[in-house]
Amino acid sequence: MFWSESGGSAIVSRVTARYGLGSTSLPYDGHWWNTMSTTGDLVRYYDKLLDGAGGLPADQAALILSDLAASTPNGLDGYPQRFGIPDGLYAEPVAVKQGWMCCWNGGNWLHMTTGVVGPDHRFVIAMASLQPVDDATARNTVTQAIKTMFPGGQI
């Protein structure tokens, strides 16, 4: 509904301009899920969202972060979305946006775990993985990478 009522691909154009996201591109087919970005651009977005440099008023940024902090264990489509940051940094407060897509680029699973971690949203993390494995293995790989970097579930 947000995509349709707020201009579709024009949303991406507005956000990339406002946040200086040089490696984020419009979806090739007009569907939001085909918007392409990089982990670098996602970190930049969160950083500017947190410090206000992206132009969003603090109360609106807080609303976005509150929604991300309330993410559910499963997406509306039933897909498990605790992989990566939520399961890897289980001892920290997190606000995350997860992403996944099957059969991309020759049958690979794409998984992204992005968000802010710690008290006062001090740390920003974005990780992406493209793997020729089943979905459970791909999710586990992303989670294990976070756990390897942050043993004990905390930064």
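Up top you'll find the structure we're talking about.
Predicted model, so just to flag it, every value in this text is computed and none were measured.

(A) Structural context of the nonpolar core. Membership of the largest hydrophobic core comes to 14 residues, with the highest contact counts inside it found for Ile85, Leu89, Val94, Val117, Ile125, Ile146 and Phe150. Put simply, the parts of the chain that give this core at least two residues each are strand S1 (94-104), strand S2 (108-117), strand S3 (123-131) and helix H6 (135-149). A total of three residues in this core trace back to one element, the largest contributor, which is H6. Apart from residues lying up to four places away in sequence, isoleucine 146 is in contact with Gly84, Ile85, Gly88, Leu89, Ile125 and Met127.

(B) Quick peek at the pairing of S2. For S2, a buried count of nine out of 10 residues is recorded, marking the element as mostly surrounded by other parts of the structure. In this structure, S1 lies alongside S2, joined through nine bridges in antiparallel fashion. Within the sheet, the bridge partner assigned to alanine 95 lies in S2 and is valine 116. Connecting S1 to the antiparallel partner S2 that follows it, the hairpin turn spans three residues, and asparagine 105 within it adopts a positive phi of roughly 55°. As judged from the nine bridges shared by S2 and S3, these two strands associate in the antiparallel manner. Looking at the pairing, leucine 110 lines up with leucine 130 of S3. Where S2 hands over to S3, the hairpin turn is made up of five residues, of which glycine 118 adopts a positive phi near 95°.

(C) Local environment of the state of the cysteines. Evaluation of the coordinates by the stated rule reveals one disulfide. A sulfur-sulfur distance of 2.3 Å marks the disulfide that ties cysteine 102 to cysteine 103. We classify cysteine 102 as partly exposed; its relative accessible area is 36%.

(D) Region of interest: the pattern of salt bridges. Scanning the entire structure with this criterion turns up two salt bridges. With a closest N to O distance of 2.8 Å, aspartate 135 and arginine 139 form a salt bridge. Highlighted residues: aspartate 135 and arginine 139, both in helix H6, separated by four residues, approximately one helical turn. What makes arginine 139 buried here is its relative accessible area of 15%.

(E) Examining the sheet that holds S2 more closely. Here we have three strands laid out as an open sheet, ordered S1-S2-S3, and antiparallel in their pairing. In this open sheet, the two edge strands, each paired with only one partner strand, are S1 and S3. The average undirected angle you get between the axes of adjacent strands in this sheet is 5°. Sheet contacts for H6: S2 and S3; angle to S3, the most-contacted strand, approximately 145°.

Definitions and cut-offs
Residues numbered from 1 in each chain as written. Predicted model: local features only at pLDDT ≥ 70, side-chain atom pairs only at ≥ 80, totals over all residues. Heavy atoms only, no water. Core = buried A, V, L, I, M, F, W, Y, C linked by side-chain atoms within 4.5 Å. Buried < 20%, exposed > 50% of the residue type's maximum accessible area, 1.4 Å probe, protein only. Helix = DSSP H or I, 4+ residues; strand = E, 2+ residues; numbered from the N terminus. Contact = heavy atoms within 4.5 Å. Pairing = 2+ DSSP bridges. Disulfide = S-S within 2.5 Å. Salt bridge = Lys/Arg side-chain N within 4 Å of Asp/Glu carboxyl O. Axes fitted to C-alpha atoms, helices over the stretch in contact; angles between N-to-C directions.

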